[in-house]
Amino acid sequence: MADKPRILLISGNGQVGHALRQVFDAAGYPVSGTWFDVEDDSLIHADVRDRQELESVFKSTRPQVTVINAALTNVDRCEEQPQLAAAINVEGTRNVADLCNAYGSRIVFFSSEYVFDGEAGPYTEDDPVNPINEYGR
């Protein structure tokens, strides 16, 4: 039986990250995770906007699969602070994707239905996007 791939959860202590950690742990996958806002001693601090800090995490964990569920998800805050939303949700995601490429890690990215305008659902991955707010953009 082949070894299970090393997994890195970017935002391992949010709602989705916590659930994924439980599933991966129960299945015997070697999992590392990061935290940003809410300190967790079992995880590694990482800000997706800080490429050097992220690279340090990649160097120490050498993930074969990286799951990114880090995002600024407060829709109202994204409207109020579009630069912050873009820094986290766009540039931060780009930083993770670039490091996945550099370290040969597959990436799993969770999107949001907010990329659609809500006019014609249910949607598939192939449907054209038409976001109507900053979070969706």
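Preceding block: the structure.
Residue positions are given per chain, counted from 1 along the sequence in the order it is written. Note on the predicted model: pLDDT of at least 70 is required for a residue's local features to be given, and 80 or more for side-chain atom pairs to be given and counted; whole-chain, interface and lining totals, by contrast, use all residues. Each side-chain value is derived from all of the structure's non-hydrogen atoms; neither hydrogens nor water enter the calculation.

Moving on, we get to helix α1 (residues 15-26). Taking 1.5 Å as the rise per residue, α1 with 12 residues should run 16 Å; its terminal C-alpha atoms sit 17 Å apart, in good agreement. Buried within α1 are the following residues: G17, L20, R21 and F24. For α1, the angular spread of the buried residues around the axis is 105°, confining them to a single face. Away from its buried face, by an angle of more than 90 degrees, α1 presents the exposed residues Q15, V23 and A26. If you follow the buried residues of α1, they end up packed against β1 (7-10), β2 (31-35) and β4 (65-68). Each helix is a run of H or I in the DSSP string that is no shorter than four residues. Each strand is a run of E no shorter than two, and both are numbered from the N terminus. Count one or two residues on from α1 and you reach G28, which has phi positive near 85°. Expected span of a helix, by definition, is 1.5 Å for each gap between consecutive residues, and there is one gap fewer than residues. Note on exposure labels: buried denotes an accessible area under 20% of the residue type's maximum, exposed denotes more than 50%, and partly exposed covers the range between, all computed with a 1.4 Å probe on protein chains only. Note that the arc is defined by the directions from the helix axis to the C-beta atoms. Note on contacts: a residue pair qualifies if any of its non-hydrogen atoms lie within 4.5 Å across the two residues.

Here the focus is the packing of aromatic side chains. For any pair of aromatic rings, geometry is given as the distance between the ring centres together with the angle between the planes. We call Phe, Tyr and Trp rings a pair once their centres come within 6.5 Å, taking the six-membered ring for Trp, and we label the pair stacked below 30 degrees between planes, edge-to-face above 60, and tilted otherwise. On inspection of all chains with the given rule, the structure shows four aromatic pairs. Ring geometry for Y114 against Y135: centres 5.3 Å apart, planes inclined by 75°, an arrangement best described as edge-to-face. Linking Y114 in the segment after β5 (106-109) with Y135 in the segment after β5, this pair joins segments that are 21 residues apart in sequence. Classification of Y114 as partly exposed rests on a relative accessible area of 34%. When the ring of F116 is compared with that of Y123, the centres are 4.0 Å apart and the planes differ by 5°; the resulting orientation is stacked. With relative accessibility at 15%, the residue F116 sits in the buried group. Of the residues examined, Y123 reaches a relative accessible area of 28% and is grouped as partly exposed.

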